[in-house]
Amino acid sequence: MAITKLLPAVKALSHTDKLLLLQVLMQALLEAESGAAQVHADDSAHRSVEVPAAVELPTTTEDKEDEIALEKRYAFLKKPLEERRRILAEQAETMQFHYEQNTEWKELMAGDIVDY
């Protein structure tokens, strides 16, 4: 798809959705860069993302939770790639333990599907 067709759709997004789109694009670039770094052994695979220091965040009171979440995401993206991978691995282990110990979710998945 041509970028000229995407721009109107991007402009119509809310401020928060634009920031989320930016995060998705940055992650895709990191993954592509990581793959390229594996091909070229002399390239540095431990680059960190450069996130602008003065990013405009939502300021209304109803967006306070979104603002905190975005600040945490920016702080996370500023960390080196290996640190981000370590944090995500720890979170995955925590969730695995949670789902192994808490079996209520299995009960929700049991039974017939009823179409009303």
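Look a little higher up for the structure.
Residues numbered from 1 in each chain as written. Predicted model: local features only at pLDDT ≥ 70, side-chain atom pairs only at ≥ 80, totals over all residues. Heavy atoms only, no water.

(A) The overall build of the protein, seen in detail. Scanning the protein from N- to C-terminus turns up five helices and zero strands. When the elements of the protein are put in sequence order from the N terminus, they spell out α-α-α-α-α. Here the protein holds 116 residues, and the buried ones make up 15% of them. Look at the contacts in the protein between residues 6 or more apart in sequence, and 54% of them connect residues 24 or more apart. Surface exposure of the protein reaches about 9700 Å², of which carbon and sulfur atoms provide 58%. (Helix = DSSP H or I, 4+ residues; strand = E, 2+ residues; numbered from the N terminus. Buried < 20%, exposed > 50% of the residue type's maximum accessible area, 1.4 Å probe, protein only. Contact = heavy atoms within 4.5 Å. Areas by Shrake-Rupley, 256 points an atom, 1.4 Å probe, with all protein chains shown as cover.)

(B) Fine view of the pattern of salt bridges. Using the criterion set out here, one finds three salt bridges in the structure. Arg85 serves as the salt-bridge partner of Glu82, at 3.6 Å between the closest nitrogen and oxygen. On the criterion of helical spacing, the pair formed by Glu82 and Arg85 is a turn pair, its members being three residues apart in helix H4 (residues 81–101). On the accessibility criterion, Arg85 (40% relative accessible area) is partly exposed. Note that Arg86 is salt-bridged to Glu83, the shortest N-O span being 2.5 Å. Of this pair, Arg86 and Glu83 both sit in helix H4, three residues apart, roughly one helical turn. (Salt bridge = Lys/Arg side-chain N within 4 Å of Asp/Glu carboxyl O.)

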